[in-house]
Amino acid sequence: MQLTIEVKLVPTFAQQHLLMQTFKEFIATINNLTARMNEVGEFLKLSTADFSALLPSAIKNQCIREAKSIYKKFLSGTNKTLAVLKKPICIWNNQNYTIEENTISFPVWRKKCTKISVKAKIPTRIKNLLENKRGTLRISKKGNKYMAQITVDIPEKASTSGENTMGVDLGIKVPAVCVTSNGKVKFIGNGRENKTIRREFSGRRKELGKAKKVKAIKKINDKENRIMQDKDHQYSREVVNFALQNNVSVIKLECLNNIRNTTRTSRKNNKNLHNWSFYRLSQFIEYKAKLAGIQVEYVNPAYTSQTCPMCGLRNKAKDRHYACSCGYTGHRDLVGAINICCSLDIC
């Protein structure tokens with residue numbers, strides 16, 4: 001399984017200058033190569049000798065690969081227009097960088113090819129993951145920060161021999177509701193707390209917007225995202241731990257693609273729906289589950305919160321309370337989790 005690990009870099013002033021020069025030359029070279037391919041209407045057989053760029057040969061080879069990838073997406077219709085890179089970024093393959101205790105070393109251009117070692121903040125947990133087979137190194141600038149993204153191939157554990165299945169209903173008011181096939185239930189997270197956090201940040205943004213403090217708005221946006229991402233990590237860890245405690249071999253999640261376009265919302269809940277990080281949470285659950293040897297399946301989410309688990313009739317819940325004419329009552333999200341657990345409609 002492939003993971004992308006993010007590490008914060010702390011370059012010196014001179015190293016920042018070199019990185020920015022490398023970023024600009026990298027994206028300019030890729031844009032020029034894709035434009036050349038678009039002009040002739042076909043892929044070009046290129047080598048590093050066919051074009052000039054103030055970059056090490058390893059990065060020039062990466063430019064060729066990236067340009068072909070962009071042009072391929074344009075030809076296939078994935079991108080309707082030919083993409084033009086703008087964000088400061090550069091990519092090194094796994095043979096052209098090294099990671100030591102607290103530094104990452106890679107080649108840049110300074111009159112000639114030069115290798116620099118940049119300080120990096122690498123927690124112990126991340127260091128352990130970096131001991132696995134590494135892929136590409138991607139360095140970009142986000143605001144005033146330099147971030148390194150490293151792909152790592154982590155061997156998955158053999159599938160567990162658990163006899164139970166678990167359904168997980170992801171939601172706004174209750175981030176995750178888990179139900180196992182042997183009847184164990186767990187409600188995870190507090191949606192009201194998350195809503196309060198987002199409301200506070202929204203209020204700050206309005207105040208800063210009136211004062212036209214653009215940099216401050218971006219700063220609190222980053223802080224809000226870090227807080228919510230950390231919560232998703234906590235929720236996903238609780239979900240997987242609960243599965244391990246109950247001898248679960250398969251976790252079932254709803255396939256929530258295009259949920260924002262297909263769900264009917266009120267003005268009250270529209271903002272909450274668009275702030276809901278369901279994709280990120282499901283991805284966190286999936287990769288943590290796979291590391292633990294638990295399979296993950298995605299099921300059709302249609303009517304999971306409306307179908308009675310006892311008789312199969314569809315009823316609309318009133319707020320969080322679900323009641324069926326057959327006498328069954330329960331929490332709406334619990335009903336959804338039960339139906340997800342029992343569903344055979346795999347996406």
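Predicted, not measured: the structure shown is a model, and the values here were computed from it.

**Considering the sheet that holds strand β9 (residues 176–180)**
Reasoning step 1: Taken in spatial order, the 5 strands of this open sheet run β10-β9-β8-β11-β12, and their pairing is mixed. This sheet does not close on itself; its edge strands, each paired only once, are β10 (185–188) and β12 (295–299). Direction aside, the axes of adjacent strands within the sheet are offset by 20° on average.
Reasoning step 2: Where strand β11 (residues 248–254) lies against β12, 5 bridges are found, and the strand directions are parallel. Of the residues in β12, the one forming a bridge with K252 is E297.
Reasoning step 3: Its contacts with the sheet place helix α5 (residues 214–245) against β8 (164–170), β9, β10 and β11, and it is angled at close to 170° to β10.

**Some words on α5**
Reasoning step 1: Under the 1.5 Å per step criterion, the end-to-end length of α5 is 47 Å for 32 residues, consistent within 8% with the ideal 46 Å.
Reasoning step 2: Along its buried surface, α5 packs onto β8, β9, β10, α4 (191–210), β11 and α8 (278–291).

**What about helix α9 (residues 332–342)?**
Reasoning step 1: Among the 11 residues that make up α9, 9 are buried, leaving the element largely enclosed by the rest of the structure.
Reasoning step 2: The complete set of buried residues in α9 reads D333, L334, V335, G336, A337, I338, N339, I340 and C341.

**Looking at the pairing of β11**
Reasoning step 1: Within β11, 7 of the 7 residues are buried, which leaves it mostly tucked inside the rest of the structure.
Reasoning step 2: Relative to β11, β8 runs parallel, the two being bridged by 5 bridges. When the sheet's bridge partners are listed, G167 is paired in β11 with K252.

**Things to note about the packing of aromatic side chains**
Reasoning step 1: Counted by the stated rule, this structure contains 6 aromatic pairs.
Reasoning step 2: Measuring from ring centre to ring centre gives 5.3 Å for F43 and Y71, while their planes differ by 85°; the resulting arrangement is edge-to-face. Note that F43 is positioned in the loop between α1 (13–40) and α2 (57–76) and Y71 in helix α2, a separation of 28 residues in sequence.
Reasoning step 3: Residue F43 is classed as partly exposed on the basis of its relative accessible area of 37%.

**Quick notes on the nonpolar core**
Reasoning step 1: Grouped together as the largest cluster of nonpolar side chains are 48 residues, with contacts concentrated most on F26, W92, I104, F106, L137 and I150.
Reasoning step 2: With 8 residues, α1 is the largest single contributor of residues to this core.
Reasoning step 3: Setting aside residues up to four positions removed in sequence, W92 forms contacts with T22, I59, Y97, F106, P107, V108, T136, L137 and I139.
Reasoning step 4: Counting residues in hydrophobic clusters, the runner-up holds 21 residues, among them Y235, V240, I285 and A289.

**Considering the packing of α4 against α5**
Reasoning step 1: Running from amino to carboxyl end, α4 crosses α5 at an angle of 170°, the nearest separation of the two axes being 9 Å. Relative to α5, the element α4 is oriented roughly antiparallel. Contacts between α4 and α5 involve E193, N194, I197, R198, F201, R204, R205, L208 and G209 from the former and A216, I217, I220, N221, K223, E224, I227, M228, K231 and Y235 from the latter.
Reasoning step 2: Considered class by class, the residues forming the contact of α4 with α5 number 9 nonpolar, 3 polar and 7 charged.

**Examining the side chain of R280**
Reasoning step 1: Mapped onto the elements of the fold, R280 is located in helix α8.
Reasoning step 2: We classify R280 as buried; its relative accessible area is 17%.
Reasoning step 3: When neighbours within four sequence positions are excluded, R280 is seen to be in contact with N225, M228, Q229 and D232.

**A word on a positive patch on the surface**
Reasoning step 1: Residues K8, K121, K145, R204, K219, K223 and R226 make up a contiguous surface patch of positive charge.
Reasoning step 2: If one sorts the elements of the positive patch by residue count, α5 sits on top with 3 residues.
Reasoning step 3: Locating K145 in the fold gives a position in strand β7 (residues 145–153).

**Examining the sheet that holds strand β3 (residues 98–99)**
Reasoning step 1: If you trace the 7 strands from one edge of the open sheet to the other, you get β2-β6-β7-β1-β5-β4-β3, paired in antiparallel fashion. Looking at strand neighbours, the two that pair on one side only are β2 (89–92) and β3, the edges of this open sheet.

**A word on the environment of L291**
Reasoning step 1: Along the chain, the position of L291 falls in helix α8.
Reasoning step 2: The partly exposed category is assigned to L291, whose relative accessible area is 24%.
Reasoning step 3: For L291 and E156, which are 135 residues apart along the polypeptide, the C-alpha to C-alpha distance reads 5.3 Å.
Reasoning step 4: Not counting residues up to four positions away in its chain, the partners in contact with L291 are M1, I154 and K157.

**Structural notes on the pattern of salt bridges**
Reasoning step 1: Enumeration according to the criterion identifies 10 salt bridges in this entry.
Reasoning step 2: Across the pair E193 and K231 runs a salt bridge, and its minimum N-O distance is 3.1 Å. With E193 in helix α4 and K231 in helix α5, this residue pair connects regions lying 38 residues apart in the sequence.
Reasoning step 3: By relative accessible area, K231 is classed as buried at 13%.
Reasoning step 4: Between R320 and D333 there is a salt bridge, and its shortest N-O distance comes to 3.0 Å.

**A look at unusual backbone geometry**
Reasoning step 1: Phi angles above zero are rare outside glycine, and N247 is one such case at about 55°.
Reasoning step 2: Tracing the sequence through the fold places N247 in the loop between α5 and β11.
Reasoning step 3: Even without being glycine, D319 reaches a positive phi, approximately 60°.
Reasoning step 4: Relative to the assigned elements, D319 resides in the loop between β12 and β13 (321–323).

Parameters at a glance
- Residues numbered from 1 in each chain as written.
- Predicted model: local features only at pLDDT ≥ 70, side-chain atom pairs only at ≥ 80, totals over all residues.
- Heavy atoms only, no water.
- Pairing = 2+ DSSP bridges.
- Helix = DSSP H or I, 4+ residues; strand = E, 2+ residues; numbered from the N terminus.
- Axes fitted to C-alpha atoms, helices over the stretch in contact; angles between N-to-C directions.
- Contact = heavy atoms within 4.5 Å.
- Expected span 1.5 Å × (residues − 1).
- Buried < 20%, exposed > 50% of the residue type's maximum accessible area, 1.4 Å probe, protein only.
- Phe/Tyr/Trp six-rings, centres within 6.5 Å; stacked < 30°, edge-to-face > 60°.
- Core = buried A, V, L, I, M, F, W, Y, C linked by side-chain atoms within 4.5 Å.
- Parallel < 35°, antiparallel > 145°, perpendicular 65-115°, else oblique.
- Nonpolar A, V, L, I, M, F, W, Y, C, P; charged D, E, K, R; others polar.
- Patch = residues over 30% accessible without salt bridge, like charges linked within 9 Å, V, L, I, M, F, W, Y side chains within 5 Å.
- Areas by Shrake-Rupley, 256 points an atom, 1.4 Å probe, with all protein chains shown as cover.
- Salt bridge = Lys/Arg side-chain N within 4 Å of Asp/Glu carboxyl O.
- Lys, Arg positive; Asp, Glu negative; His and termini not counted.
- Charge placed at Lys NZ, Arg CZ, Asp CG, Glu CD.

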